[in-house]
Amino acid sequence: MADLSHRPGDISTHPDVHEMRDRYAHMLEGRSAPAIEGLAFLAGVYCAISPWTVHFSSARPELTLNNLVLGIAIALMAVGLAAVPERIGGLGWTLAPLGAWLIIAPWVVTRFPDTGMIWNNVVVGAVVCLLGLIIAGAAMRAGRET
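Residues numbered from 1 in each chain as written. Predicted model: local features only at pLDDT ≥ 70, side-chain atom pairs only at ≥ 80, totals over all residues. Heavy atoms only, no water.

S.K.: Help me understand the nonpolar core, please; the structure alone is not making it clear to me.
M.R.: A general trend in soluble globular proteins is that nonpolar side chains are found buried together. Judged by nonpolar contacts, the single largest core of 15 residues is most densely connected at Leu95, Leu102 and Val128. The set of elements that each furnish at least two residues to this core consists of helix 2 (34-53), helix 3 (61-83), helix 5 (95-109) and helix 6 (115-145). Counting residues per element, this core draws most heavily on helix 3, at five residues. Residues contacting Leu102, with those up to four places away along its chain left out, are Cys47, Asn66, Asn67, Leu70, Ile74, Asn121, Val124, Gly125 and Val128. (Core = buried A, V, L, I, M, F, W, Y, C linked by side-chain atoms within 4.5 Å. Buried < 20%, exposed > 50% of the residue type's maximum accessible area, 1.4 Å probe, protein only. Helix = DSSP H or I, 4+ residues; strand = E, 2+ residues; numbered from the N terminus. Contact = heavy atoms within 4.5 Å.)

S.K.: What exactly am I supposed to notice about the side chain of Asn66 here?
M.R.: Relative to the helices and strands, Asn66 resides in helix 3. According to the relative accessible area criterion, Asn66 is buried, its value standing at 13%. Setting aside residues no more than four positions away along its own chain, Asn66 makes contact with Trp101, Leu102, Ala105 and Val109.

S.K.: When you look at the side chain of Thr64 in this model, what are you seeing that I'm missing?
M.R.: In this fold, Thr64 is placed in helix 3. Once residues lying within four places of it in the same chain are set aside, the contact partners of Thr64 are Pro51, Trp52, Phe56 and Ser57.

S.K.: I'm lost on unusual backbone geometry in this one. Help?
M.R.: The phi angle of most residues is negative, glycine excepted, and most peptide bonds adopt the trans form. Phi is positive for His55, close to 70 degrees, though the residue is something other than glycine. Turning to its location among the elements, His55 is positioned in the loop between helix 2 and helix 3. Here the phi dihedral of Phe112 falls at roughly 55 degrees; this positive angle occurs in a residue that is not glycine. As for its placement among the helices and strands, Phe112 is situated in the loop between helix 5 and helix 6.

S.K.: Mind showing me how you'd approach the environment of Trp107 here?
M.R.: Following the sequence through the fold, Trp107 ends up in helix 5. Among all residues touching Trp107, those that are not within four sequence positions of it are Pro113, Ile118 and Val122.

Next up, the structure:
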C-alpha cells in the first residue's frame, strides 16, 4: 500500500523530483514570451472584425474579405504557436509578411481608401509584423541554445 502520510502538494520526497524540476526549468527557458502568442491572437481577431468595427465593410467588400481571411489566418497561426510551439515555432516568422501585406493592402486591394481604412490596416499590420519578428527572434534564440 502507498504511504499517503505526506502533505498534499509536497513533492519533495518524490523519487524523480530533481528530474521534474530540471524539465520544468528547461520548458520555461524555451518559452521566453508566452504572452506574444496571445497578443498575436488578439491582433488576428481584431483584424478579422475590423471592417465592421471601423465601418468599411459595405463600402469596400474586397478589403473586408482581405482583412477577414488574414485575421483568421493570423489568429489560427497564433493558436498553433501557443499550442505546439516546438512543432511550428519556426513558422512564427510568417506573421511578419502577413503584417506587411496588411500595411499595403488598402492601396493594393481597393482604390481610393479613406483615412480610417488606412490607419486601421497600418496599425494592425505593424503590430502583427512586430509580433512576428519577436516570435521569430525567440525561435532563433531558442534554436541556438539547444
